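Chain and residue survey
Now for the letters of each chain:
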Amino acid sequence: MTDLDHRPSPSPAGHALRRAAPALLAYAGVRALGLAVLAAWGAAAGKSPHTLLSARWDSLWYTRVAEFGYGWEVRLPDGSVHSNLAFFPLLPWLERLVAAVSPLSYADAGLAVSWLASLFAAAGIFAVADHVYGRRAGICAAILWAALPVGIVQSMAYSESLFTALAAWSLYALLRGGWVWAGAFASLAGLTRPVGAAVVAAIWVTAAVQVYRERRAAPGMLLGVVLAPLGAAGYVLWVGHRTGGGLLGYLDVQAGWGNGFDFGYAFARFVGEKFTGVPGALAGIGLIVGVALVIWLYVTGVRQKQPLPLLLYTGVVVVLALCAAGYFGSKPRLLLPAFPLLLPLAVALAGLRTSRSAPVLGGVAVASAVYGAFWLHGSGPP
């Protein structure tokens with residue numbers, strides 16, 4: 001008998017980390033490539049990559065909430081009001097916490113939170129794909145999410161990475177039957193972005209289907225179902241109380257930003273208006289192809305019999321992103337949390353030899369890095 005016979009068995013957490021390590025390393029590599037290209041592009045253009053990532057668009061609104069709290073608004077010449085009540089509180093709360101316990105500014109705290117959350121999101125995406133389709137598919141899914149055309153948003157002081165992390169781990173818990181954890185993560189996701197409703201829908205409908213089939217509901221399931229909407233409901237009710245608008249107060253705040261749900265009419269009109277000239281027509285065709293690709297990936301997921309929670313979650317995210325009025329240029333960013341759309345591609349790549357899949361993923365990563373730098377130096381995310 002040797003000392004090796006007394007070596008302790010690895011802990012479940014240690015085993016899970018080792019299993020996910022290739023996905024996390026590959027994810028970090030893709031995002032590092034994106035940041036390197038952004039830095040090089042910024043040096044050539046005379047713009048600060050740090051400013052582009054931490055102090056523009058929504059990043060500024062989040063840091064102002066973190067520093068000064070809610071109540072700040074901008075009144076535009078047309079009379080509309082942009083209130084910071086439109087921004088859910090979990091990210092600015094975390095920014096304030098990190099800034100309080102470290103020398104980081106609120107903006108840099110937002111970057112730190114986003115970068116760490118993006119790793120947790122990649123781990124959650126890997127865990128979901130690994131559970132459903134195996135380890136190779138999980139690794140490919142994490143890489144594909146990192147290499148999305150607007151993947152640079154994952155490295156910005158935005159809330160997409162934080163939300164995706166919470167949504168992915170909620171769905172993973174749901175797939176494993178961990179109802180309480182699923183509800184807890186869903187509640188936190190609901191404090192992060194309005195699309196937290198997609199996670200709640202996945203939990204509620206899955207619970208209803210299981211109760212219908214089994215004619216019983218376990219206590220853990222009931223607790224998870226109750227927990228899931230608390231975050232979003234609590235914030236929406238608080239906004240309604242603060243504005244005096246009651247249950248519709250938060251919708252009034254969003255209306256001030258020009259946001260609303262019109263079943264895609266405004267977006268369809270926006271696309272149609274592109275067909276007035278050659279450059280615009282090309283953009284319009286690109287938008288139509290993009291929407292068709294999203295629908296095709298979702299239908300493929302249905303045909304591959306993705307688990308019900310994933311289909312429910314993805315469907316709600318896609319509908320809310322494509323059928324909302326306002327800020328049409330942000331729709332690719334709003335689709336970032338719909339990571340199950342990538343699973344059919346991940347499964348296909350996982351079926352290839354590494355010698356074939358690696359060049360494909362590498363090429364996609366390079367294209368994403370270049371596009372992300374181009375995008376942020378242009379219009380960028382509104």
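Criteria and cut-off values
Residues numbered from 1 in each chain as written. Predicted model: local features only at pLDDT ≥ 70, side-chain atom pairs only at ≥ 80, totals over all residues. Heavy atoms only, no water. Core = buried A, V, L, I, M, F, W, Y, C linked by side-chain atoms within 4.5 Å. Buried < 20%, exposed > 50% of the residue type's maximum accessible area, 1.4 Å probe, protein only. Contact = heavy atoms within 4.5 Å. Helix = DSSP H or I, 4+ residues; strand = E, 2+ residues; numbered from the N terminus. Arc of directions from axis to C-beta. pLDDT = per-residue confidence, 0-100. Phe/Tyr/Trp six-rings, centres within 6.5 Å; stacked < 30°, edge-to-face > 60°. Lys NZ or Arg CZ within 6 Å of the ring centre and 35° of its normal. Axes fitted to C-alpha atoms, helices over the stretch in contact; angles between N-to-C directions. Parallel < 35°, antiparallel > 145°, perpendicular 65-115°, else oblique. Left-handed = near helix turned anticlockwise from the far one by under 90°. Salt bridge = Lys/Arg side-chain N within 4 Å of Asp/Glu carboxyl O.

1. Section: the nonpolar core
- Ranked by size, the top nonpolar core spans 97 residues in total, and within it Trp-145, Val-199, Ile-203, Tyr-235, Tyr-313, Phe-339 and Leu-376 carry the most contacts.
- Setting aside residues no more than four positions away along its own chain, Trp-145 makes contact with Tyr-27, Ser-118, Ala-121, Ala-122, Ile-125, Gln-154, Ser-161, Thr-164, Leu-336, Phe-339 and Leu-342.

2. Things to note about helix 13 (residues 265-272)
- Within the span of helix 13, buried status applies to Ala-266, Phe-267 and Val-271. Down the axis, helix 13 shows its buried residues gathered within 140 degrees of arc, on one side only.
- Structurally, helix 13 contributes buried residues whose contacts are with helix 14 (278-303), helix 15 (308-322), strand 4 (324-325) and helix 16 (331-334).

3. Points about the confidence of the model for the chain
- Here the chain averages 93 in pLDDT, and 97% of its residues register 70 or above.
- Low pLDDT, under 50, characterises residues 1-6; the predicted model gives this stretch 1 contact beyond four residues in sequence or across chains.

4. Quick word on the packing of aromatic side chains
- Scanning all chains against the criterion turns up 20 aromatic pairs.
- A centroid spacing of 5.5 Å and a plane angle of 90 degrees characterise the contact between Trp-169 and Tyr-172, whose relative ring orientation is edge-to-face. Of this pair, Trp-169 and Tyr-172 both sit in helix 7 (residues 160-175), separated by 3 residues, roughly a single helical turn.
- Overall, the relative accessible area of 23% leaves Trp-169 in the partly exposed class.
- Joined through ring pairs, the aromatic side chains of Trp-61, Tyr-62, Trp-72, Phe-87 and Trp-257 make up one cluster.
- Geometry around Tyr-212 places Arg-215 over its ring, the cationic atom sitting 4.8 Å from the centre.
- Sitting over the ring of Phe-267, Lys-331 keeps its end group 5.1 Å from the ring centre.

5. Some remarks on the environment of Thr-51
- Within the secondary structure, Thr-51 is located in helix 2 (residues 49-54).
- Assessed through its relative accessible area of 35%, Thr-51 is described here as partly exposed.
- For the pair Thr-51 and Gln-254, spaced 203 residues apart in the sequence, the C-alpha separation amounts to 26 Å.

6. Some details on the packing of helix 6 (residues 135-146) against helix 17 (residues 343-350)
- Packing of helix 6 against helix 17 leaves a shortest axis separation of 8 Å and a crossing angle of 125 degrees. Of the possible angle classes, the one that applies to helix 6 and helix 17 is oblique. Seen from above, helix 6 lies across helix 17 with right-handed handedness. Here Arg-136, Ala-137, Cys-140, Ala-141 and Leu-144 of helix 6 lie close against helix 17, whose contacting residues are Leu-343, Leu-345, Ala-346, Leu-349 and Ala-350.

7. Section: the pattern of salt bridges
- Per the stated rule, a full pass over the model turns up 5 salt bridges.
- Among the salt bridges present, the one from Arg-19 reaches Asp-130, with a minimum N-O distance of 2.6 Å. Remark: Asp-130 occurs in helix 5 (residues 106-133) and Arg-19 occurs in helix 1 (residues 12-45); sequence separation between them is 111 residues.
- On the basis of relative accessibility, which here comes to 32%, the residue Arg-19 falls in the partly exposed class.
- The buried category is assigned to Asp-130, whose relative accessible area is 14%.

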